[in-house]
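# Residue-level structural notes
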Protein chains: 2
Amino acid sequence: MKSIVAVAFLFCTWILSAGELSEVVTSPNGNIKVVVSLSKKGKIQYEVAFKNKKLIGKSKLGVLLENRDLTEGFLLENIKRNSVDEVWDQVWGEESKVRNHYNELALVFKNNKGQLGVIFRIFDDGVGFRYQILSENGKTEDLLVKEEISEFDLEEDMVGFWQPSDWDSNEHVYETTKISKIDGFKSVREGSIHTQFIPDFRAVQTPIVLVGKKVHIALHEAALVDYPAMHLKVDNENFKFTSFLIPNAGLWQKAKITTPFNTPWRTIIISEDAAGLLRSRMILNLNEPCKIKETSWIKPMKYMGIWWEMHLGKSSWEYLDKNTMKPNGKHGATNANTRRYIDFASKNGFGGVLVEGWNTGWEDWFGLWKEEIFDFQTPYPDYDLPALAKYSIEKKCPLIVHHETSAAVTAYEKYLTPAFDLMKKNGLNAIKSGYVGRIIPKGEWHDGQWMINHYNRVIEKAAEYKIMVDAHEPVRPTGLHRTWPNFMACEAARGNEFNGWSSGNPPEHETILPFTRLLGGPMDYTPGIFNIQFKEYKDKNNTNQVHTTLCKQLALYITMYSPLQMAADFPEHYEKHMDAFQFIKDVAVDWDESKILNASIGNYVTIVRKEKGKENWFLGSITDEFPREFDLTFDFLKEGVNYQMVVYADGKNAHWKENPTSYEISSRSVKKNDKVKIKLASGGGCAISLISK
Amino acid sequence: MKSIVAVAFLFCTWILSAGELSEVVTSPNGNIKVVVSLSKKGKIQYEVAFKNKKLIGKSKLGVLLENRDLTEGFLLENIKRNSVDEVWDQVWGEESKVRNHYNELALVFKNNKGQLGVIFRIFDDGVGFRYQILSENGKTEDLLVKEEISEFDLEEDMVGFWQPSDWDSNEHVYETTKISKIDGFKSVREGSIHTQFIPDFRAVQTPIVLVGKKVHIALHEAALVDYPAMHLKVDNENFKFTSFLIPNAGLWQKAKITTPFNTPWRTIIISEDAAGLLRSRMILNLNEPCKIKETSWIKPMKYMGIWWEMHLGKSSWEYLDKNTMKPNGKHGATNANTRRYIDFASKNGFGGVLVEGWNTGWEDWFGLWKEEIFDFQTPYPDYDLPALAKYSIEKKCPLIVHHETSAAVTAYEKYLTPAFDLMKKNGLNAIKSGYVGRIIPKGEWHDGQWMINHYNRVIEKAAEYKIMVDAHEPVRPTGLHRTWPNFMACEAARGNEFNGWSSGNPPEHETILPFTRLLGGPMDYTPGIFNIQFKEYKDKNNTNQVHTTLCKQLALYITMYSPLQMAADFPEHYEKHMDAFQFIKDVAVDWDESKILNASIGNYVTIVRKEKGKENWFLGSITDEFPREFDLTFDFLKEGVNYQMVVYADGKNAHWKENPTSYEISSRSVKKNDKVKIKLASGGGCAISLISK
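Residues numbered from 1 in each chain as written. Chains lettered and ligands numbered in written order. Predicted model: local features only at pLDDT ≥ 70, side-chain atom pairs only at ≥ 80, totals over all residues. Heavy atoms only, no water.

## Re the overall build of chain A
When helices and strands are counted, chain A shows 15 helices and 35 strands. Here chain A has a C-alpha radius of gyration of 25 Å; the compact-globule value for 693 residues is 26 Å, and the two agree. With the C-alpha coordinates aligned to their principal axes, the bounding extent of chain A is approximately 75 × 60 × 50 Å. Relative to its 693 residues, chain A shows a buried fraction of 66%. Accessible surface, chain A as shown: approximately 24,800 Å² in total, 50% of it carbon and sulfur. (Helix = DSSP H or I, 4+ residues; strand = E, 2+ residues; numbered from the N terminus. Rg over C-alpha atoms; globule rule 2.2 N^0.38 Å. Buried < 20%, exposed > 50% of the residue type's maximum accessible area, 1.4 Å probe, protein only. Areas by Shrake-Rupley, 256 points an atom, 1.4 Å probe, with all protein chains shown as cover.)

## Regarding the state of the cysteines
Linking two cysteines covalently via their sulfur atoms produces the bond known as a disulfide. All names here are of chain A. All chains considered together, the criterion is met by zero disulfides over all chains. Between Cys-290, a free cysteine, and Cys-490, which holds the nearest cysteine sulfur, the sulfur-to-sulfur gap is 17 Å. Given a relative accessible area of 33%, Cys-290 falls into the partly exposed group. (Disulfide = S-S within 2.5 Å.)

## Some remarks on the domain arrangement of chain A
All names here are of chain A. The assigned domain composition of chain A is domain 1 (3–285), domain 2 (303–477) and domain 3 (526–693). One C-alpha centre belongs to domain 2, the other to domain 3, and the line joining them spans 30 Å. Each partner contributes to the interface: domain 2 provides 16 residues, whereas domain 3 provides 21 residues. Between domain 2 and domain 3, roughly 1,800 Å² of surface is buried when both sides are summed, and carbon and sulfur atoms account for 72% of that area. Its largest share of buried area at the contact with domain 3, domain 2 owes to Tyr-303, Trp-308 and Leu-312, together 36% of the area lost on that side. Linking domain 2 with domain 3 are two salt bridges. Its salt-bridge partner being Glu-572, residue Arg-340 comes within 2.8 Å of it at the nearest N-O pair. At the level of secondary structure, the elements contributing two or more residues to the side of domain 2 that touches domain 3 comprise β21 (301–306), α6 (308–312) and α7 (335–347). Classifying every residue of the side of domain 2 that touches domain 3 gives nine nonpolar, three polar and four charged. (Domains from an automatic or database assignment. Contact = heavy atoms within 4.5 Å. Buried area = accessible area lost by both parts, 1.4 Å probe. Salt bridge = Lys/Arg side-chain N within 4 Å of Asp/Glu carboxyl O. Nonpolar A, V, L, I, M, F, W, Y, C, P; charged D, E, K, R; others polar.)

## Here's the deal with the environment of B:Val159
All names here are of chain B. Following the sequence through the fold, Val-159 ends up in strand β11 (residues 159–162). On the basis of relative accessibility, which here comes to 27%, the residue Val-159 falls in the partly exposed class. Placed 53 residues apart in sequence, Val-159 and Ala-106 show a C-alpha to C-alpha distance of 32 Å. Not counting chain neighbours up to four residues away, the residues in contact with Val-159 comprise Thr-176, Thr-177, Lys-178, Val-209, Leu-210 and Val-211.

## Structural notes on the sheet that holds strand β22 (residues 352–355) of chain B
Residues and elements named next belong to chain B. Strand order in the open sheet made by the seven strands is β26-β25-β24-β23-β22-β21-β27, with parallel pairing throughout. This sheet does not close on itself; its edge strands, each paired only once, are β26 (487–490) and β27 (564–566). Here the strands of the sheet are splayed against their neighbours by 25 degrees on average, with no regard to which way each runs. (Pairing = 2+ DSSP bridges. Axes fitted to C-alpha atoms, helices over the stretch in contact; angles between N-to-C directions.)

## Details of the packing of helix α6 (residues 335–347) of chain B against helix α7 (residues 385–394) of chain B
All names here are of chain B. Interhelical geometry of α6 versus α7 gives an angle of 10 degrees and a closest axis separation of 10 Å. Relative to α7, α6 is oriented roughly parallel. Judged by residue contacts, Asn-335, Thr-338, Arg-339, Ile-342 and Asp-343 of α6 engage Ala-387, Leu-388, Tyr-391 and Ser-392 from α7. (Parallel < 35°, antiparallel > 145°, perpendicular 65-115°, else oblique.)

## Examining α7(A)
Residue and element names in this part refer to chain A. Its 13 residues give α7 an end-to-end C-alpha distance of 18 Å, which sits within 8% of 18 Å, the value for a rise of 1.5 Å per residue. Listing the buried residues of α7 in full gives Asn-337, Thr-338, Tyr-341, Ile-342, Phe-344 and Ala-345. Once α7 ends, the next one or two residues include Gly-349, with phi positive near 85 degrees. (Expected span 1.5 Å × (residues − 1).)

## Looking at the relation of the copies chain A and chain B
Note on the identical chains: chain A maps onto chain B by a rotation of 180 degrees and an axial translation of 0.1 Å, with an RMSD of 0.0 Å. Seen this way, the second copy is the image of the first under a two-fold rotation axis. The position closest to the rotation axis in chain A is occupied by the C-alpha of A:Gly443, lying 2.4 Å away. In this assembly, 100% of the residues forming the interface of chain A have copies in chain B that are likewise at the interface, indicating an isologous arrangement. (Least-squares fit on C-alpha atoms with pLDDT ≥ 70 in both.)

## A look at the interface of chain A and chain B
Taken together, the contact between chain A and chain B spans 13 residues of the former and 13 residues of the latter. Both sides of the chain A and chain B interface together cover about 1,200 Å² of buried area, and 67% of this is carbon and sulfur. For the pair chain A and chain B, the number of links is zero salt bridges. At the junction of chain A and chain B, the tally comes to zero residue pairs in polar contact (both at pLDDT 80 or more). When the residues that make up the side of chain A that touches chain B are grouped by side-chain class, the tally is seven nonpolar, three polar and three charged. (Polar contact = N/O pair within 3.5 Å; in protein donor to acceptor, adjacent residues only side chain to side chain.)

## Details of the environment of B:Trp362
Residues and elements named next belong to chain B. Structurally, the position occupied by Trp-362 is in the loop between β22 and α7. Judged by its relative accessible area of 3%, Trp-362 is buried. Residues within four places of Trp-362 in sequence aside, it is in contact with Trp-317, Glu-318, Gly-357, Phe-374, Tyr-380, His-402 and Glu-404. For Trp-362, the side chain forms a polar contact with the side chain of Asn-359, separated by 3.2 Å.

## A few points about helix α14 (residues 578–586) of chain B
Among the residues of α14(B), B:Ala580, B:Phe581, B:Phe583 and B:Ile584 are the ones counted as buried. Down the axis of α14(B), the buried set is contained in an arc of 140 degrees. They therefore lie on one face. (Arc of directions from axis to C-beta.)

## Re the packing of aromatic side chains
Residues and elements named next belong to chain A. Enumeration according to the criterion identifies 76 aromatic pairs over all chains in this entry. Each residue in the set Trp-317, Trp-362, Trp-365, Phe-366, Phe-374, Phe-376 and Tyr-412 is aromatic and connected to the rest through ring pairs, giving one cluster. The side chain of Lys-233 reaches across the aromatic face of Phe-244, ending 4.6 Å from its centre. When the ring centre of Trp-88 is taken as reference, the NZ or CZ atom of Arg-482 above it lies at 3.7 Å. (Phe/Tyr/Trp six-rings, centres within 6.5 Å; stacked < 30°, edge-to-face > 60°. Lys NZ or Arg CZ within 6 Å of the ring centre and 35° of its normal.)

## Quick word on the pattern of salt bridges
Residue and element names in this part refer to chain A. Scanning the entire structure with this criterion turns up 84 salt bridges over all chains. Note that Asp-590 and Lys-612 form a salt bridge whose closest N and O atoms lie 3.5 Å from each other. Remark: Lys-612 occurs in the loop between β29 (604–611) and β30 (617–623) and Asp-590 occurs in the loop between α15 (578–586) and β28 (591–600); sequence separation between them is 22 residues. Notably, a salt bridge pairs Lys-610 with Asp-592, separated by 2.8 Å at the nearest N-O pair. Residue Lys-610 is found in strand β29, and its partner Asp-592 is found in strand β28; the two are separated by 18 residues along the sequence. Of the two residues, Lys-610 and Asp-592, both sit in the buried class.

## Here's the deal with the sheet that holds strand β30 (residues 617–623) of chain B
Residues and elements named next belong to chain B. Here six strands make up an open sheet; going across it, the order is β28-β29-β30-β35-β32-β33 and the pairing antiparallel. Of all strands in the sheet, those bounded by a partner on one side alone are β28 (591–600) and β33 (663–670). Along the sheet, successive strands turn relative to each other by an average axial angle of 15 degrees, direction set aside. In terms of strand pairing, β30 meets strand β35 (residues 685–692) through six bridges, oriented antiparallel. In the sheet register, Ser-621 faces β35, and the bridge partner there is Cys-686. Packed onto the sheet, helix α12 (residues 550–559) meets β28, β29 (604–611), β30, β32 (643–650), β33 and β35 and runs at close to 125 degrees relative to β30.

Spelled out as structure tokens, the structure:
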């Protein structure tokens, strides 16, 4: 109903009806227009049009503080406009240079309770806005935020790819429904997520991507610092989303802030097509520039690890049998096993080896809400940390130190300094952290302000120590890796691990992640499982398996961008497929350029990237459960250069479930504008390396 | 609608329709009948009839554990019946001997998840039931309670006297509405409560008292140990209440328990009239017998204190001016002022003197959610604790030590042992504790399991130290003073203090408290304010005042039962009215017998009590805003004894607002069956002492 009206609307008519008090700002290319105005009651409202069609109708803006209502009764006090067009260098990324080009409208409103600033930045790829909470005369004041009320009142019943508003987890399978049908209850049933808290089924988390008749948008936030994560309440009838903040313990307030305070940016990426979402760098642009002066120690890398063994039950994190309190005989993090992984990883050119279960505490780490479990310093007796660290450094494949907190975060805070000291003493400079479980301090949530500050504190402290961070189960990212490029990657979504022991990730899962979760930053998805069905490690009735073909696992190294890419399977499984493993050995993890060759959310995506500083390209193409064929034109290659192309393709009868490990490798020489046809099996993928001769 | 049907129902018909699986149990006098049955889906349900009329229709019972649904699919496994009739002695109380007389029905149900016991005890004055959470073979198991689902499905739209379901406070003005009109929103507006958390307006706390056409009932609980407080969701349409438990931090579970576990008793006091509610000892009977072997050190007493001074702004709790950080010159707890109070209290026969603001920390104690404020050991420099303690003991009026925690309960736990050691070193044996503010550990609530365990831990530890406890702002009491008689009193309701600085307590307030809050245990209401309008301590526009006459303040010593009664006003104010003060000097605080002479909830109540071990009686009668006259017959006096009666009556033109301090004192001799007429002014009261000659 609403959408039909919108179709008939012309943008110019709408501008005129917005009244005297409206301020207009457009994107540099003029495609996006934002009008900010005041309602009769003095409420701040904004509207967005894309290509002369209304996209977001009058939507309110405001912040409710304890004892200070900054939502109505406003008069406009001050306006500033600004335009920026600059290019900045990334320490690492999908491209080496990023253009930051926007028009800014900065407004200050005043009511009888106080002042509220609202800053809009309009890019060609979307809109960002943030609040500035100010005090009279620039005074410093401690204030409590009760709620932030930012509306996104959409004009049509778009199709959303969404997860429910879980205050503790982003590890849900994505649901695909119209806004009118969003209901978190059904997405809660699957039951494989250890820690979840979903008090409101009519609410979603961000990033949420929405597809309309002629537009794709993604709602999220940028630069989440000293503030809780924003989730969105859903009005199914009016297609409207309204922000709410995850509370601090006790629920009665959402954030403690000190004025002047800038909230994170609320972001609306806007594009005609799905590919445009992947090209957007708006979230990065809305983050602060890099704060680390000397960045040479920050190195994108591929790594292996003692990790998937435990997920399959081949070995264990814990050292003791809990019943007998004697060694259980299947501990994974032993000296011998670690050396085996180092040897294999080093021989094949990897940059690091992760070892989980190296430190004491795993016997009762899980689900007990205990505060003191891990000290991040005491190895099990069969793990000689100094000797293994020395060996791994000699082999140019240093250990990545695992810091699973079990969500006992007060304990992690306490032990962080000695744990980092121990790492530096042993020459190690990368951690994988983990936050499995309900948060301690009890009553806090993964997405609340206390935890946001914790995640950021760890990243900043790690930067002081020159340590790289890969965080699992933190809040979903918001582009902070621009500011802190030692924050290499995080999980914050349903990773490959779920294929090991749950109903798993449906074949469409990896075709949704780039358009949702990955908009905020790299994901450590842990691809590269070759032993897709792993029956030998499970009982006879096991139906768990990876829900892709082997080639799709290869293609994920391109389609799931991360400067940190694991080859997650065991050395012995790679040894059976060394021809296919060659792609993982070759593929780069840092890039000069990235091109989206095709994209349809939840269906397929094909990306090609140019290795940083080299004339080599790597292509990944993946599909959901439907087989597909694509005709590709290699117009991105450099004129006059010959490339050796190796194609890693699904076998003729490959199928993610019936025949996942069938693949064909072919090789030939190609040059610019050559055409190549690729075929993807059901749940399949294709990986291509293009090495300049 | 529903109530009309109920009227036509006869109990015998109803019994027959309850089906084969029903078990019936009645009160000793046969007036109350309970039928327990299983629904078609195997849900446990019970019904209650009073005097052959259905009072509570089929109401479900069950407990939902994490991973164990104990709400349906049940079969009856075991039945036991038992009857008890015994009399036990109270250490102190409204009467010295209590009769415990009930019929018990103990049922064990089993479903495919586990076992659940339900025990009913039917007294002449009501019904109690509790759950037993059991494990196979009597094993010890740690379990998490997600919810307890106990329904109270009432047959008519009774009039309730209620407070909203506040997880942090019981300090609301009572609302009086039919069940169909219960809506917590309006009771939240008043705004004088510092810490409140009311997430659901369609919910109430207990005790809630409900008045029907021919019955009065009160819903509450007894023996709240190692479990959260129970609140009640309200179904306005069906007049049904359903239990819910206040959660632990994080909200996802309500209690951690170890099997076998007995929940608190859910209590339904039932009476034809309001007076019957006051005569009920069911909640005491459902608590465990006294666990303290030697109780001679536990002494009911009247006390005075440096306390009201601060509420009126005459002096301050804090020693320093926060701006200058120099002494503020108006600190209340000085050596001189404390001696002044001790001298006056001692001279007039009081048993103790409370001094608030004696210890460091008050400069920033309030509303900051700080963990470290008080250590309960360090006096301000103008307070010589050892000398004052010695002086007070010499004067037989020992100091009552104030332990305000500011709700930073982790800190109080830490300092409790040295604080108690310090008290014993100085010969002191009573504390007043306080829990103003949001709880630390952050995310916990005053009514959650963590805090319940804290309150009880303090009482038990105090018992080890032979210390008496008067707790302010704890959970509302549930009869635990039977088990721990050193737990003398608590606040847990809106006390007299609100008259000092807020819109205050309406004149009806004290005519509701005995039928609600006081059903669970004594309240330290702090009566005895003679200087009703205290304009001299406030600015000119002050409209705050105590909302009673002076005589009503006297009558409260009887109508608001407590073994600990404060005379809350300043010595200099009592010195102006030594004739009226005589009643406070004379009145007892421990009793052999108590008689309810009349009672109407929210309107008036008249009680007379016999001093323990003496042939003296004290009578109190109070009214709401309406003046009243009562004709009393002194049939309770002992045959053949002459009593000197002193009547403290409101003056002819007394009025709580216009003329509150007008009173008349008269005296004459009386004997058994004499008749006396008393007149109560608007917001007034009458106090009578009857001293045997």
